[in-house]
Amino acid sequence: MEARSREGWGTRLGFILAAVGSAVGLGNMWRFPYITADRGGAAFVLLYIVMVFVVGVPIMLAEFGVGRRARLSPIGALRTVGGPRLAGLGYLYVATGFLILAYYSVIAGWTMRYTLEALLSGFTRSPSEYFEHTATGTGAVLYHIVFMAITISIVVGGVKRGIERASLVLMPVLFLLIIGLAIWAAFLAGSGAGYSFYLRTDPAKLLSPDTLSAAAGQAFFSLSLGMGAMLTYASYLSRDENLPASAATIAVSDFGVAFLAGLVVFPVIFAFGLSQEIGESALGALFISLPRAFIGMGAAGRIVGLVFFAALFVGALTSAISLLEVVTSSLIDNWRLDRGRAALGAGLVIMLIGLPCALNQDILGLFDQIAGEFLLVVGAFALALFVGWRMSDPLGEVRRGFASEGLLRGWLWIVRIVAPIILAVVIYQKGRATWELLRTTLF
Ligand code: TRP
C-alpha cells in the first residue's frame, strides 16, 4: 500500500530527546507543581508516580507498538492495524491535536513574551495588571502567531533535519536551565518553607476519585498520550528499537523535570512571602506570583526570571512541534501533501482556531478542558481496548529487543484490564467536569 519511503530518526538519542521534548512542556513546569501543591503534596506525588508507571507507560507502549508496526501517522496506522472503523479514532486524534495546539500556542506565546520582557526591560512593577494585559488581546494574538510560525518552521524541516535537530539542541539546554534553577533555589533564604508547602503530605485528599482523575489526567497530558503524538514519533523508528526501555526513559525524564520545576517554583514564591497567592489561580502562580518574586530579588531576579521563562518557552516549543507533527504527518500520509504544504496549511488553521483563545481566557480554559483533559483520556481508553483485545499479536511488536517475558505479559493485562478500568473512572469524572464548564461558559 504505502510504497513511498518514509522519513525516520537519525539516531536513537534523537528519537528519545524528541519524545522527551514532546512530553516535557508547560504541563511539567506549570501544571504539575500547581496540582501537587493543591492536591496533597508528597502523597499526590506518589499517586502520580503510580499513574505514570502503571498506566502511562503501558499506554505509551501501546502507542509505540501501533505506530511502529504500521509506520504511518495515526489515521493510516489505526486503519492498517484495526480496519476502517478504527480510522475514526485516528480522526479523533488529529482533531484533538488541532484543539490542544490552538490554546497551547497562546500560553506558549505568553512565555515568549515574558522571556523577551525579562531580557529587554525587566519585569514590570505590577505583574497582575501586566498579566491581564498580556494574556488576552492583540498582544496575545501577535505572540501566538509568532510562536506558531516558529513551530511551523521547524516541522517543515522534517523529522531528522527539523524535529530531531532542534531536540538535540533544545533539550539539553532545558535540562541545564532547570537543574541550575533548582540548585540556585535551594540556597534561597526561606526555601525550606517552600519545600514543606510543596511536599506537605495530606493523604486525606488522595481518597477522592477527583484526585485520582487529576493524577491520571496530568499523567496523560504530561506524557503526551491519548492523541497519537507518541504513535507518530514511533512510526519513524527502526524495527530493532527497544520500546519498553524507551518508554521508561521518557517517563523518568518527564517526571524528573516536573518534580524539579516544583523545587524551583515554591522556594521562590515562599522566599518572598507570596504564599497566600498560590491558591488564587493556576495561571497566576506562574505568570503573576513568580514575576513578583523576581522583582523582589532585584538584578538577580531578572536573570533568574529570564532563565525560568526561557526554559518554559523551550519546553513549550518542543511540545508544540510534536502536536503539529501529528497533524502534518496525517496530511502527508492520507492526503499526499508534501511536508511543506502540510505543515504550513495545518499550522495556519491552528493559528486561526487559536485566535478565540487569545482573545478570551474563558474560551482558552474551555479548550483545555475539552481537549487537554477529556478527549485525551477518551483517546487512551479506546486505544487500550483495541490493543488489548483486538490487535493481532500486540506482544510481537513490543517484544523485540526486550527480554522479560513476564513483564510483557503484565503489560498486556494492564492494557486489557487495569488501564481501561482506571480510565473509565477518569472519563466519568472529566466528562462531568467538562459538561459543567461547557454549560457555565456557554449559557
Ligand atoms: N506533554 C506536553 C506538556 O506537558 C504537552 C503535549 C505535547 C501534549 N504533545 C501532546 C499533550 C500530546 C497531550 C498530547 O506540556
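Just so we're clear, the structure is a prediction, and the values are computed from it rather than from any experiment.

## Regarding the packing of aromatic side chains
All told, the structure shown has 28 aromatic pairs when counted by the stated rule. Between Y198 and F266, the aromatic rings sit 5.1 Å apart at their centres with planes inclined by 25°, giving stacked as the arrangement. Here F266 lies in helix α12 (residues 243–271) and Y198 lies in helix α9 (residues 191–199), a separation of 68 residues in the sequence. Y198 gets classed as buried once you look at its relative accessible area, which sits at 0%. Classification of F266 by relative accessible area gives buried; the value is 2%. Counting every residue linked through ring pairs, the aromatic cluster contains W110, Y114, F123, Y130, F131, F287, F294, F308 and F309. A cation over an aromatic ring shows up here: R200 above the ring of F197, its NZ or CZ 4.6 Å from the ring centre. The side chain of R416 reaches across the aromatic face of W413, ending 4.8 Å from its centre.

## Structural notes on the packing of helix α3 (residues 41–70) against helix α4 (residues 74–82)
At a minimum axis distance of 9 Å, the contact between α3 and α4 shows a crossing angle of 85°. Put simply, α3 runs roughly perpendicular to α4. Along the contact surface, α3 presents V66, R69 and A70, while α4 presents A77, L78, T80 and V81. In terms of residue class, the contact of α3 with α4 is made up of five nonpolar, one polar and one charged.

## Quick look at the pattern of salt bridges
For side chains of opposite charge, pairing can occur when their charged atoms come near one another. This model, assessed by the stated rule, comprises 15 salt bridges. Of the charged contacts in the structure, one is a salt bridge between R439 and E436, with a shortest N-O distance of 3.4 Å. In this pair, R439 and E436 are both assigned in helix α18 (residues 405–442), three residues apart and thus about one turn of the helix distant. Residues joined by salt bridges that share partners form a network here, namely R68, R69, R239, E397 and R400.

## Re the confidence of the model for the protein
Within the protein, residue pLDDT values average 92, and 96% of them lie at 70 or more. Taking the mean pLDDT of every element in the protein, the minimum, 79, falls on helix α13 (residues 282–296) and the maximum, 98, on helix α11 (residues 229–234).

## Re the site of the ligand
Inspection of the region around the ligand gives 17 residues, with A23, G27, Y104, F221 and S224 positioned closest. With respect to the ligand, the backbone of S22 contributes an N or O atom lying 3.2 Å from a nitrogen atom. Between S224 and the ligand, the recorded distance is 3.0 Å, taken from a side-chain N or O atom to a nitrogen atom. Burial of the ligand by the protein chains amounts to 100% of its free accessible area of 360 Å². Within the residue set of the shell around the ligand, elements represented by two or more residues are α1 (12–23), α2 (26–38), α5 (84–120), α10 (209–222) and α14 (299–335).

## A word on the side chain of T151
Take T151: it is sitting in helix α7 (residues 138–156). On the basis of relative accessible area, T151 is assigned to the buried category, the value being 0%. For T151, the side chain forms a polar contact with the main-chain oxygen of F147, separated by 2.9 Å. With residues near it in sequence (within four places) discarded, T151 still touches L317, A320, I321 and L324.

Conventions adopted
Residues numbered from 1 in each chain as written. Predicted model: local features only at pLDDT ≥ 70, side-chain atom pairs only at ≥ 80, totals over all residues. Heavy atoms only, no water. Phe/Tyr/Trp six-rings, centres within 6.5 Å; stacked < 30°, edge-to-face > 60°. Helix = DSSP H or I, 4+ residues; strand = E, 2+ residues; numbered from the N terminus. Buried < 20%, exposed > 50% of the residue type's maximum accessible area, 1.4 Å probe, protein only. Lys NZ or Arg CZ within 6 Å of the ring centre and 35° of its normal. Axes fitted to C-alpha atoms, helices over the stretch in contact; angles between N-to-C directions. Parallel < 35°, antiparallel > 145°, perpendicular 65-115°, else oblique. Contact = heavy atoms within 4.5 Å. Nonpolar A, V, L, I, M, F, W, Y, C, P; charged D, E, K, R; others polar. Salt bridge = Lys/Arg side-chain N within 4 Å of Asp/Glu carboxyl O. pLDDT = per-residue confidence, 0-100. Near = heavy atom within 4 Å. Polar contact = N/O pair within 3.5 Å; in protein donor to acceptor, adjacent residues only side chain to side chain. Areas by Shrake-Rupley, 256 points an atom, 1.4 Å probe, with all protein chains shown as cover.

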